[in-house]
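# Secondary and tertiary structure notes
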Amino acid sequence: MFRRKLTALDYHNPSGFDCKDETEFRNFIVWLEDQKIRHYKIEDRGNLRNIPSSGWPKSFEQYLQDVNCPFTVEERQESVDWLLGLAVRLEYGDNVEKYKNCPPATANEAAKPSDPLIHLDSSNPDFKAGVLGLASLLKIQRHDDYLVMLKAIRILIQERLTPEAIAKANATLNEAAQILRLLHIEELRDLQTRINEAIVAVQAVIADPKTDHRLGKVGR
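Residues numbered from 1 in each chain as written. Predicted model: local features only at pLDDT ≥ 70, side-chain atom pairs only at ≥ 80, totals over all residues. Heavy atoms only, no water.

### Things to note about the pattern of salt bridges
The test is simple: Criterion for a salt bridge: a side-chain nitrogen of Lys or Arg within 4 Å of a carboxyl oxygen of Asp or Glu. Starting at the N terminus, helices and strands are each numbered in turn, a helix being any DSSP run of H or I of at least four residues and a strand any DSSP run of E of at least two. Burial classification: accessible surface area is computed with a 1.4 Å probe over protein chains only, and a residue below 20% of its type maximum counts as buried, one above 50% as exposed, and the rest as partly exposed.
By the definition in use, this model includes eight salt bridges. Among the ionic pairs, Lys 5 bridges to Asp 81, the shortest N-O distance being 3.0 Å. One end of the pair, Lys 5, is in helix 1 (residues 3-8); the other, Asp 81, is in helix 5 (residues 76-94), with 76 residues separating them in the sequence. With a shortest N-O distance of 3.4 Å, Glu 33 and Arg 45 are connected by a salt bridge. In this pair, Glu 33 is assigned in helix 2 (residues 22-37) and Arg 45 in the loop between helix 2 and helix 3 (46-49), connecting sequence segments twelve residues apart. For the pair formed by Glu 33 and Arg 45, the shared burial category is buried. Connected through shared salt-bridge partners, Glu 33, Asp 34, Arg 45 and Arg 49 make up one network.

### Topic: unusual backbone geometry
The backbone phi angle of Asp 10 is positive, close to 60°, even though this residue is not glycine. Residue placement: Asp 10 occurs in the loop between helix 1 and helix 2. Residue class for Asp 10 comes out exposed when judged on its relative accessible area of 57%. Unusually for a residue other than glycine, Arg 38 sits at a positive phi of about 55°.

### A closer look at helix 4 (residues 56-66)
Quick reminder of the rule: The arc under discussion is defined with respect to the helix axis, by the directions toward the C-beta atoms.
Those residues of helix 4 that fall on the buried side of the exposure criterion are Trp 56, Ser 59, Phe 60, Tyr 63 and Leu 64. Looking straight down helix 4, one finds that the buried residues subtend no more than 140° of arc, so they occupy a single side. Of the residues trailing helix 4, Asn 68 is marked for its positive phi of about 60°.

### Topic: the side chain of Arg 26
Condition: Whenever two N or O atoms come within 3.5 Å, that pair is a polar contact, provided that in protein one can donate a hydrogen and the other can accept it, and provided that, for residues adjacent in sequence, both atoms are side-chain atoms.
As for its position among the elements, Arg 26 is in helix 2. Judged by its relative accessible area of 12%, Arg 26 falls in the buried class. Among the polar contacts listed, one links the side chain of Arg 26 to the side chain of Glu 22, at a separation of 2.9 Å.

### Topic: helix 2
Among the residues making up helix 2, those that are buried are Phe 25, Arg 26, Phe 28, Ile 29, Val 30, Leu 32, Glu 33, Asp 34, Lys 36 and Ile 37. For helix 2, the side-chain oxygen to backbone nitrogen distance between the N-cap and Thr 23 is 3.2 Å, and the N-cap itself is Asp 21. Just downstream of helix 2 lies Arg 38, where phi reads positive at about 55°.

### Quick look at the packing of helix 2 against helix 4
The condition that has to hold: Axes here mean lines fitted to C-alpha atoms, for a helix over just the part in contact, with angles spanning 0 to 180 degrees between N-to-C directions. Crossing handedness follows the turn of the near helix against the far one: under a right angle anticlockwise gives a left-handed crossing, and clockwise gives a right-handed one. A contact between two residues is defined here by any heavy atoms of the two lying within 4.5 Å. Any residue outside Ala, Val, Leu, Ile, Met, Phe, Trp, Tyr, Cys, Pro, Asp, Glu, Lys and Arg is labelled polar, Gly included; the first ten of those are nonpolar and the last four are charged.
Running from N to C, helix 2 and helix 4 cross one another at 35°; their axes reach a closest spacing of 12 Å. Note on packing geometry: the crossing formed by helix 2 with helix 4 is left-handed. Across from Phe 25, Arg 26, Ile 29, Glu 33 and Ile 37 in helix 2, the residues of helix 4 making contact are Trp 56, Pro 57, Phe 60 and Tyr 63. Across the contact of helix 2 with helix 4, the residue classes break down as seven nonpolar, no polar and two charged.

### Overview of the environment of Ala 87
Following the sequence through the fold, Ala 87 ends up in helix 5. Overall, Ala 87 belongs to the buried group, its relative accessible area being 0%. Spatially, the C-alpha atoms of Ala 87 and Leu 32 are 7.4 Å apart, while their sequence positions differ by 55 residues. Setting aside its immediate chain neighbours within four residues, Ala 87 contacts Leu 9, Leu 32, Lys 36 and Ile 37.

### Let's talk about the confidence of the model for the protein
To be explicit about the condition: A score between 0 and 100, pLDDT records how confident the predictor is in each residue.
With 62% of its residues at a pLDDT of at least 70, the protein reaches an overall mean of 76. Considering each helix and strand of the protein separately, the mean pLDDT is smallest for helix 7 (residues 107-111), with a value of 49, and largest for helix 4, with 95.

### Observations concerning the nonpolar core
The cut-off we apply is this: We call a set of buried residues a nonpolar core when its members are Ala, Val, Leu, Ile, Met, Phe, Trp, Tyr or Cys and they connect through side-chain atoms within 4.5 Å of each other.
Membership of the largest hydrophobic core comes to 24 residues, with the highest contact counts inside it found for Phe 28 and Leu 83. Counting only elements with at least two residues in this core, the list comes to helix 2, helix 4 and helix 5. Counting nine residues, the second-largest nonpolar core is a separate cluster that includes Phe 127, Val 131, Ala 135 and Ile 153.

### Quick word on the packing of aromatic side chains
Between two aromatic rings, the relevant description is the distance of the centres plus the angle of the planes. Convention followed: When two rings of Phe, Tyr or Trp (its six-membered ring) have centres within 6.5 Å they constitute a pair, described as stacked for plane angles under 30 degrees, edge-to-face for angles over 60, and tilted for the intermediate range.
Under the defined criterion, the tally for this structure stands at ten aromatic pairs. With a centroid separation of 5.5 Å and an interplanar angle of 90°, the aromatic rings of Tyr 11 and Phe 28 are classed as edge-to-face. Separated by 17 residues along the polypeptide, Tyr 11 in the loop between helix 1 and helix 2 and Phe 28 in helix 2 bring together distant segments of the chain. Pair check on accessibility: Tyr 11 and Phe 28 agree, each one buried.

Structure (structure tokens):
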């Protein structure tokens, strides 16, 4: 949810940030104020920097009021998102020349989802059947959440289906195809032999002078 803004602010772990982790959250707020927002003077940041303190939530509540955040400490995700938006605006204001000549994102880039799986309809029966089929084929344990199963399938494919594994599988498939081809050729040969035998038998009947002419007429 915050990855794009965190990336824009050069946060060290934009993909793994978890605002529900209390220690990580408090450290993040301190980093945001120290490095990006800088609303307080350095000497006034002591209470916010005192991360282990039991009074830290009160300090954070005061901080939200001081920066005019419309959200409360109970609305953690909303307040984090708002603070990130403030930090991005301030970052741009401090570096106008740096970002002024940046090429805008194209429509395709802007519309490209961060994870294509989030737009899948996991309630679709065809989708469920397809995921179950893949999970069964790849021997992946079933899960109530079909998107979780699909992500597991994707990880397995990315990690296991290396070029070497695919080449090995192709060699096995090629060998199987050759065996099937040989069996098919053998069947064709057997069929041709039976056809030849049938032709010979018909010719023998036609050439036999004892043929019952009531079955047909030869000559004029």
